[in-house]
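Summary of structural features
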Amino acid sequence: MSKNFYFIQEKNIRKTYILIALFILIVTLFGFLIDYYFLYFPVFTKIPLFTIVAFIFSIINSFISYKFGDSIILKVIGARTPNLSDLREKILLNVVEEIKIASGIPMPRIYILDIEIPNAFATGKNPENSSIVVTRGLLELLNREELQGVIGHEISHIRNRDILVMTVAATLVGTVVLLSDLSYRLLRSQILKGNQIFKRRVIRNSAFVLLIIVLLFIFSILGPLFARLTFFAISRSREYLADASSAELTRNPLALAKALEKISSSQIPDRWKTKGISHMCIVSPLKSKIEKAENIFANLMSTHPPVEKRIKILKQMAGIIN
């Protein structure tokens, strides 16, 4: 079993590096397109300034995402430390302590998110630097056994280092979406106003400039789609594995099955504090039709398998055949 976990950890580290390399390539390409479409700086300096700036920016952004991505996420959503005078939050700390001992990882930091939607997620770089965030709604909804199942699921993500891929993706993909929006706005403004430098370049090399326009247009329109597809690095299989690992740690697959049923039925679409962390949650708060499907398209466009199928598998592990 340990060899399997080490293999999964190494695989997730490789995925993270691939994700960062892809991000650097795309952001640098964005700078290149800006340079050779608008031609402001190269005309005077002969230096592809936007390309260089984009490359440096992507390196810095990747470093920040890797080193401080979890802190950024916790700050953005407004998570707080537990109140030990609150019984529910004290029980949470006890449950995390129990499961972390069973899993053999260091104690993760615990945070509370004061929203009514029941959900939870883990973030961080590795088991030594990890955090678990639980919403207040989850604490009020689940009993102790069900809470153990959820915490077992999140600690499994930490042990498998899924959190590294998920945290880096959450910060990097947001930047890609921002750049795609900027690309669209710049392209639209130049088309409407007319760009004399661009017109002269069209006359000299229409085929090349047309290619640049097409690439810039594709980037501006498909940026958000790319952001969605990038989460292939956070495949649906990680949720099945974390569910199974939770059942192993708690010896009670039915507890997580009941928790998933309660969480799924209590989700309120579009009221999650930020959609940027939806892929990290134990149950997706977006509640789209794609999340419920089980096909090739759904596997590309969704980061969570259908909750109903996860519950069915957990019940089968408990010896309940539907």
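As the structure is a prediction and not an experimental result, all values here were calculated from the model.

About the criteria used
- Residues numbered from 1 in each chain as written.
- Predicted model: local features only at pLDDT ≥ 70, side-chain atom pairs only at ≥ 80, totals over all residues.
- Heavy atoms only, no water.
- Pairing = 2+ DSSP bridges.
- Helix = DSSP H or I, 4+ residues; strand = E, 2+ residues; numbered from the N terminus.
- Axes fitted to C-alpha atoms, helices over the stretch in contact; angles between N-to-C directions.
- Contact = heavy atoms within 4.5 Å.
- pLDDT = per-residue confidence, 0-100.
- Buried < 20%, exposed > 50% of the residue type's maximum accessible area, 1.4 Å probe, protein only.
- Expected span 1.5 Å × (residues − 1).
- Polar contact = N/O pair within 3.5 Å; in protein donor to acceptor, adjacent residues only side chain to side chain.
- Parallel < 35°, antiparallel > 145°, perpendicular 65-115°, else oblique.
- Left-handed = near helix turned anticlockwise from the far one by under 90°.
- Nonpolar A, V, L, I, M, F, W, Y, C, P; charged D, E, K, R; others polar.
- Salt bridge = Lys/Arg side-chain N within 4 Å of Asp/Glu carboxyl O.

1. Topic: the sheet that holds strand β2 (residues 120-126)
With respect to topology, three strands assemble into an open sheet ordered β1-β3-β2, the strand pairing being mixed. Of all strands in the sheet, those bounded by a partner on one side alone are β1 (109-113) and β2. With direction set aside, neighbouring strand axes in the sheet form an average angle of 20 degrees. On the sheet, helix α3 (residues 49-77) packs against β1, β2 and β3 (129-135) and is oriented at approximately 155 degrees with respect to β2. Contacting β2 and β3, helix α6 (residues 144-160) runs over the sheet at an angle of about 150 degrees to β3.

2. Observations concerning the confidence of the model for the protein
Per-residue pLDDT for the protein averages 76, and the proportion of residues at 70 or more is 63%. Ranking the elements of the protein by mean pLDDT puts helix α12 (residues 289-292) last, at 48, and β1 first, at 96.

3. Here's the deal with the pairing of β1
Across the five residues of β1, four count as buried, placing the element largely inside the fold. Both β1 and β3 contribute to a ladder of five bridges, which runs parallel. Each residue of the ladder has a partner; that of Arg109, found in β3, is Ser131.

4. Focus: helix α4 (residues 87-103)
The terminal C-alpha atoms of α4 lie 24 Å apart, and with 17 residues this matches the ideal 24 Å at 1.5 Å per residue to within 8%. In the core, the buried residues of α4 are packed alongside β1, β3, α5 (136-141), α6 and α10 (237-250). The distance from a side-chain oxygen at the start of α4 to the backbone nitrogen of Arg88 is 3.0 Å, and the residue carrying that oxygen is Asp86. Immediately downstream of α4, the backbone of Gly104 shows phi near 80 degrees, a positive value.

5. Here's the deal with the packing of α4 against α6
Running from amino to carboxyl end, α4 crosses α6 at an angle of 50 degrees, the nearest separation of the two axes being 9 Å. Relative to α6, the element α4 lies oblique. The interaxial crossing formed by α4 with α6 has right-handed handedness. Each of Ile91, Leu92, Asn94, Val95, Val96, Glu98, Ile99, Lys100 and Ser103 in α4 lies in contact with α6, whose residues at this interface are Arg144, Leu147, Gln148, Ile151, Gly152, Ile155 and Arg159. The residue inventory of the contact of α4 with α6, partitioned by class, reads eight nonpolar, four polar and four charged.

6. Comments concerning the pattern of salt bridges
The tally for this structure, following the rule as stated, stands at 14 salt bridges. The salt bridge involving Glu239 is made with Arg310; its shortest N-O contact spans 3.6 Å. Of the two residues, Glu239 is situated in helix α10 and Arg310 in helix α14 (residues 307-317); the sequence distance between them amounts to 71 residues. The burial state of Glu239 is the same as that of Arg310; both residues are buried.

7. Here's the deal with the pairing of β3
The side chains of a regular strand alternate, residue by residue, between the two faces of the sheet. With six of its seven residues buried, β3 lies for the most part within the structure. Summarising the sheet, β2 and β3 pair through six bridges and their orientation is antiparallel. If you follow Phe121 over to β3, its bridge partner there is Val133. What sits between the antiparallel neighbours β2 and β3 is a turn of two residues.

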